Amino acid sequence: MDRRSFMLGTAAGALLISAKGLAFAQEAEGTAPDLNNFPRNETVIVHNPEGVIRNPSWFNIWVNGGGGWSNGLHQLTMDTLWFIDPDAGIPEKSENAIYYSLAEGPWEYNADFTEMTVKLRQGILWSDGVEFTADDVVYTVQKQMETPGLTWSGAFSTQVAEVTAPDKYTVHFKLQAPNSRFHGTFCVRWNGAWIMPKHVFEKVEDILSFDYNPPLSLGPYTLHSSDPNGTWYVWEKRADWDKTTMGLVGEPKPKYVIYRNNISTDNRLIEMRNGNLDMIHDLSPEGTFSITKDDPQVQGWFPGFPYAHPDPTLPMMIFNHQNPKFQDKRVRWALALMLDAKAMSMASYRGAATLSAISIPPTGTHPRDYHAPLQDYLINYEIDTGTRKVKPYDPTIGLQIAEMVRPQFGDQVPTDETAIRNSFGYGWWKQDLEAAGELLTAAGFTKNGNQWMMPDGQPFAFSVMVPQEGVIGRLGVIVAQLWAQAGVQATAEIATDSWDRQGAGNYECNIAWAVETWGGHPDISFFLDSYHSEFVADVGAIQPGRNWMRWKDERLDAIIEKVRAVDFNDPKSLEYGHEFVKLHLDEMPNIPIMSYNVFSIQSNRYWTGWPNADKPYANPVTNWANAKYIFTQITPVS
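Below, the discussion takes up the pairing of strand β26 (residues 509-516). Counting buried positions along β26 yields eight of eight residues, so the element is predominantly enclosed. Two elements, strand β17 (residues 313-319) and β26, share six bridges in a ladder whose sense is antiparallel. For Pro315, the partnering residue across the bridge sits in β26 and is Trp513. Where strand β24 (residues 461-466) lies against β26, two bridges are found, and the strand directions are parallel. From the neighbouring strand, Val464 faces β26, where its bridge partner is Cys509.

What follows is the structure in structure tokens.
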């Protein structure tokens, strides 16, 4: 699951603006801190989507000790070898959305991908003045390998045979098996394998109980102060910020960055209207429509409707392939053709959805690399229903939804066809109940009144796990309703433990995502490698990776193995990605529906220069580690 929750907790104490700057209001459960010296032209206030942080003073990010992850810790103090932005990246500072961070250039593999060499940057300092070197990288990997319970212990212990430092600025890895994507462990998307300061941790007797408070920083900020109740964290720019990898990108403009969490959806709106938040991680569609209408200084990703940023994740209907009900692809395709894309868009995102008929999120560079090039293939794609051949794809669905919302949002809805496709999606499947019925009939199903019966004579019935609330919950409910209307006894089951049950295979159908991509780079190994049949768990066992549907196919394995055998930037990687998309279409192992659109918004009252669809230099959400690049591009209004 992407590291954001569908439900957030109650509101924290409000920030107050005074002539002197910022002050925090007195909170019922704690003492107000003395924070009166934070002028707005030096301070950015960021929404952290985490709810209650159980252990606010825990900063050991390499151990799950109940501390915060999105409170500025990994965004502002951590660093690793490479960053890959989910969007385009700062053009003059990145290459194909890849930033060479602690590494001075790209990964270097030997011919068979069994060894990887990394050249490190020189002159990078920890916040205590100690130089970062290859010893820190070697220590990080070795310590994780030998210490079960550390975050990256499994990844390193199963992949690394040996790690050494031939010199002060070179790291050499010998791998247990060929792996052309091993570098991905050190590539930050949302997060990555952060480097540990050897000179600190080698003196710690029990790393698993070490709180690492205050944290040493390899990034451009250090901890200034924090709420003992864990509702806010203040970070201050290092005087020697240019001795971090930010020196290669630009100076972060804010002197202070304040991360605030445990803020209810309603209070996020109030706090931004009052000038107490500059960036909001996520709102409801309705909240976004309200604040963008009332406050011209507030912006979303798109300049108008649908406002939201398409996240590099893809909500889909996930079937359990170890359940006999879903093992025939004709059944899965029939269920897809029972759905109404317009109804799903309106019920979930109120029309502000970015649809995707293929198993690639319509975000970052993916519309350019996948969606647009495959349009002709989709338009001409045929399904044999057993009675006839049909072309199920409708390339006008996005245009139709744009027209549906235009009466309400007027000129906020784009009119340019390309802009509409980027905002609403390139197309989706036609609702075709006749073709769906022909597919079920060919699969041995029969109709009893309005009820479809399985080949064994039992009603075709199953539950759909949905989250308790939010757009994904709405989406799951409307899907179950559409299936029920078409004669399938599908019922929405609210499940607070759906991710745990999905991982254990204890479900029939679930609304979630089994695809997460880099976004800014066309390679899809981020999720695809985990689809290999070697990782599929037995019935009842925990399923690793993202192949929650437990899909097995020799053709799928062959594609994955071809991807493993070429370099990350090899054009063949994209070619194999297209092969995967076409195989997925044929088999429909799950039903991709739409991007997980995040209603991230920013205020231009005090700071301007935020990323957006016209300037897609960064993913706009506030809890991704790529947020630090945003702080180099924004400027104070006065």
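Moving on, we get to the environment of Asn323. Of note, Asn323 is situated in the loop between β17 and α7 (329-337). Along the chain, Asn323 and Ala134 lie 189 residues apart, while their C-alpha atoms are 49 Å from each other.

Moving on: the sheet that holds strand β25 (residues 489-494). Spatially, β25-β24-β26-β17-β27 is the arrangement adopted by the five strands of the open sheet, whose pairing is mixed. Here the strands that pair on one side only, and so sit at the sheet edges, are β25 and β27 (590-592). On average, adjacent strands in this sheet sit at an angle of 40 degrees to one another, irrespective of strand direction. Against the sheet, helix α14 (residues 470-485) contacts β17, β24, β25, β26 and β27, and its axis sits at roughly 165 degrees relative to β24.

Following the sequence through the fold, Asn380 ends up in the loop between α10 (375-379) and β18 (383-384). A C-alpha to C-alpha distance of 31 Å links Asn380 and Val464, two positions 84 residues apart in sequence. Of the polar contacts made by the side chain of Asn380, one reaches the backbone oxygen of Asp376; its length is 2.9 Å.

So, about helix α5 (residues 265-273). If you check which residues of α5 are buried, you get Arg268, Leu269, Glu271 and Met272. Seen end-on, α5 carries its buried residues on one side only, within an arc spanning 165 degrees. Looking at the residues trailing α5, positive phi occurs at Gly275, about 85 degrees.

Criteria and thresholds
Residues numbered from 1 in each chain as written. Predicted model: local features only at pLDDT ≥ 70, side-chain atom pairs only at ≥ 80, totals over all residues. Heavy atoms only, no water. Buried < 20%, exposed > 50% of the residue type's maximum accessible area, 1.4 Å probe, protein only. Helix = DSSP H or I, 4+ residues; strand = E, 2+ residues; numbered from the N terminus. Pairing = 2+ DSSP bridges. Axes fitted to C-alpha atoms, helices over the stretch in contact; angles between N-to-C directions. Contact = heavy atoms within 4.5 Å. Polar contact = N/O pair within 3.5 Å; in protein donor to acceptor, adjacent residues only side chain to side chain. Arc of directions from axis to C-beta.

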